[in-house]
Amino acid sequence: MALTDDAVDRIRQMIITGELQPGDRLPAEKELATRLGLSRNSLREAVRALTMMRVLDTRRGDGTYVTSLDPELLLGTMSMVVDLHQDSTVRHFLEVRRLLEPEATAMAALRIGADRLTDLARLLAEAAELAAARPVDRVRLRENGEAFHRTITQASGNPVLSTIVETVSGKTLRPAAWCGMTDEADLHLTLTEHRAIYEALTAGDTYRARIRAAAHVAGIEDAVLTAR
């Protein structure tokens with residue numbers, strides 16, 4: 001394990017120093033192992049570990065490449081961490097969301113464009129139709145809600161913040177929230193809160209966007225913890 005960690009660190013340093021750039025193909029295994037002073041087995045384990053972290057991309061019959069290293073790609077591996085924590089530690093992820101999502105929404109109020117506002121309006125209309133239908137399709141409502149929140153965080157203009165918020169708010173948390181909404185009043189409240197957030201974004205009101213989002217996230221947190 002220590003040898004593998006050392007190999008990982010050496011490849012990482014090659015990327016940090018610019019010796020390897022995003023999209024570059026790694027040298028042949030034998031050449032790279034010799035250059036780094038590593039055994040080929042240690043190098044293979046390091047490549048496997050960095051591939052799982054989405055730093056490298058191994059293409060069968062073509063070689064191993066440095067990925068784009070985009071924050072969305074690298075931080076996406078956090079989703080496994082969230083999925084594996086399904087006990088009382090979920091509260092910690094909810095707290096992170098409560099801290100970050102209102103700020104992302106406030107940033108979106110300053111940066112959101114007409115296209116994304118149109119997307120949000122469409123999602124609101126779709127959600128209203130789904131909530132009015134009988135029986136209520138809660139899976140589609142959940143997907144609609146996820147798309148609504150994702151559109152807003154992406155509109156913050158900060159891909160790191162957007163990815164972190166989306167990860168901690170992902171499939172481990174939101175399904176529980178929607179499943180906890182067992183009556184029409186719960187659904188109506190959620191849709192009303194979404195519309196209030198949309199109106200604040202349309203007005204470019206950062207203060208109101210932050211407050212509306214904070215209230216909405218607090219309600220989701222209660223629903224998730226109650227559902228558990």
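Model, not experiment: these values are computed from the prediction.

Basis of the calculations
- Residues numbered from 1 in each chain as written.
- Predicted model: local features only at pLDDT ≥ 70, side-chain atom pairs only at ≥ 80, totals over all residues.
- Heavy atoms only, no water.
- Helix = DSSP H or I, 4+ residues; strand = E, 2+ residues; numbered from the N terminus.
- Buried < 20%, exposed > 50% of the residue type's maximum accessible area, 1.4 Å probe, protein only.
- Axes fitted to C-alpha atoms, helices over the stretch in contact; angles between N-to-C directions.
- Parallel < 35°, antiparallel > 145°, perpendicular 65-115°, else oblique.
- Left-handed = near helix turned anticlockwise from the far one by under 90°.
- Contact = heavy atoms within 4.5 Å.
- Nonpolar A, V, L, I, M, F, W, Y, C, P; charged D, E, K, R; others polar.
- Core = buried A, V, L, I, M, F, W, Y, C linked by side-chain atoms within 4.5 Å.

**Brief notes about the environment of Leu26**
Part 1 of the reasoning: Among the structural elements, Leu26 can be located in the loop between α1 (2–16) and α2 (29–36).
Part 2 of the reasoning: Residue Leu26 is classed as buried on the basis of its relative accessible area of 5%.
Part 3 of the reasoning: Along the sequence, Leu26 and Tyr65 sit 39 residues apart, while their C-alpha atoms lie 5.7 Å from each other.

**Regarding the packing of helix α7 (residues 114–132) against helix α11 (residues 184–203)**
The axes of two packed helices give the description: the angle between them and the distance between them.
Part 1 of the reasoning: Between α7 and α11, whose axes approach to 11 Å, the crossing angle comes to 165 degrees. Classed by the angle they form, the pair α7 and α11 counts as roughly antiparallel. Note that α7 runs across α11; the crossing there is left-handed. Two secondary-structure elements touch here, α7 through Leu117, Leu120, Ala121, Leu124, Ala127, Ala128 and Ala131 and α11 through Leu191, His194, Arg195, Tyr198, Leu201 and Thr202.
Part 2 of the reasoning: Classifying every residue of the contact of α7 with α11 by side-chain character gives 10 nonpolar, two polar and one charged.

**Regarding the nonpolar core**
Part 1 of the reasoning: Ranked by size, the top nonpolar core spans 18 residues in total, and within it Ile11 and Leu56 carry the most contacts.
Part 2 of the reasoning: Counting residues per element, the ones that place at least two in this core are α1, α2 and α3 (40–52).
Part 3 of the reasoning: At five residues, α1 tops the list of elements feeding residues into this core.
Part 4 of the reasoning: With residues near it in sequence (within four places) discarded, Leu56 still touches Leu26, Val47, Leu50, Thr51, Thr64, Tyr65, Val66 and Thr67.

**Quick look at the packing of α2 against α3**
Part 1 of the reasoning: Interhelical geometry of α2 versus α3 gives an angle of 105 degrees and a closest axis separation of 9 Å. Between α2 and α3, the interaxial angle falls into the category roughly perpendicular. Two secondary-structure elements touch here, α2 through Glu29, Lys30, Leu32 and Ala33 and α3 through Arg40, Leu43 and Arg44.
Part 2 of the reasoning: Of the residues in the contact of α2 with α3, the class split is three nonpolar, no polar and four charged.

This is a description of form; function is not addressed.
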